[in-house]
Amino acid sequence: MNRFLTKYPVINNILAMLTSSSISQVIPFLSVPILTRIYLPEDFGVYEIYYSMMTVFVVIPNMRLENAVLIESSNDRSFNIFLFIFLSNCFFLGLGFLLVFIFNDYIFIYYNINSSSKDWIYMIPLGMFLSSVYNLLNTFLVRFSKFKVLAFNKVFLSITNAIIQVGFGFMILGGAGL
């Protein structure tokens, strides 16, 4: 079996990604019983609004140009595209903070949010930035066939998210830990 995997590295890469995806999906599933004991249903609702807003806006900073990193034949030009997309992410981070600062009251009125802690809305631009950079870096790793790094990264992110959510739940009152 080991000779088969060394003879066909594609199979090895597929198995690494399949295993890491499976593990990274089991970890949040195992943390749910703990999280439901720590947080209120309202906290999960506010988190869902945050996450859905961030998910919708996360495609804007990259402008879906991360695919050009894969397509470009020259590594130098690919790296230039990478830098351009990263600078675009930085620009949209600043713009996002500015828009949230200006329109935060309107956002809470529109979504009918009566949260006691309204500071979480400032996390949307930061989450958008971090998620966009994460996607960009993953695409860059795919370009150079670093699938084992991607697999480790996926499992590490899942474990880290679970630990942070549970840990902050015990340390911080309210849904800020989600």
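Our structure's up above, just so we're on the same page.
Summarised in this report is the structure supplied together with it. Here the structure is a predicted model, which is why all the values come from computation and not from measurement.

1. A look at unusual backbone geometry
Look at Met 63: it is not a glycine, yet its phi comes out positive at around 55°. In this structure, Met 63 sits in the loop between α4 (59-62) and α5 (66-71). For Met 63, a relative accessible area of 38% puts it in the partly exposed group. Even without glycine at this site, Arg 64 takes up a positive phi of about 60°.

2. With respect to the packing of aromatic side chains
Given two aromatic rings, one states the distance between the centres and the angle between the planes to describe the pair. Per the stated rule, a full pass over the model turns up eleven aromatic pairs. Geometrically, the ring pair formed by Phe 79 and Phe 82 is stacked, given 6.0 Å between the ring centres and 15° between the ring planes. Here Phe 82 and Phe 79 lie together in helix α6 (residues 75-110), a separation of three residues that amounts to about one turn. Accessibility expressed as a relative area gives 40% for Phe 79, which makes it partly exposed. Residue classification places Phe 82 among the buried residues on the basis of a relative accessible area of 12%.

3. Considerations on the packing of helix α3 (residues 41-57) against helix α7 (residues 123-143)
Their axes nearest at 9 Å, the elements α3 and α7 cross at an angle of 50°. Between α3 and α7, the angle falls in the class oblique. The two elements α3 and α7 cross, and the hand of that crossing is right-handed. Along the contact surface, α3 presents Tyr 50, Met 53, Met 54 and Phe 57, while α7 presents Met 123, Ile 124, Gly 127 and Met 128. Looking at the contact of α3 with α7, its residues break down into seven nonpolar, one polar and no charged.

Rules and cut-offs
Residues numbered from 1 in each chain as written. Predicted model: local features only at pLDDT ≥ 70, side-chain atom pairs only at ≥ 80, totals over all residues. Heavy atoms only, no water. Helix = DSSP H or I, 4+ residues; strand = E, 2+ residues; numbered from the N terminus. Buried < 20%, exposed > 50% of the residue type's maximum accessible area, 1.4 Å probe, protein only. Phe/Tyr/Trp six-rings, centres within 6.5 Å; stacked < 30°, edge-to-face > 60°. Axes fitted to C-alpha atoms, helices over the stretch in contact; angles between N-to-C directions. Parallel < 35°, antiparallel > 145°, perpendicular 65-115°, else oblique. Left-handed = near helix turned anticlockwise from the far one by under 90°. Contact = heavy atoms within 4.5 Å. Nonpolar A, V, L, I, M, F, W, Y, C, P; charged D, E, K, R; others polar.

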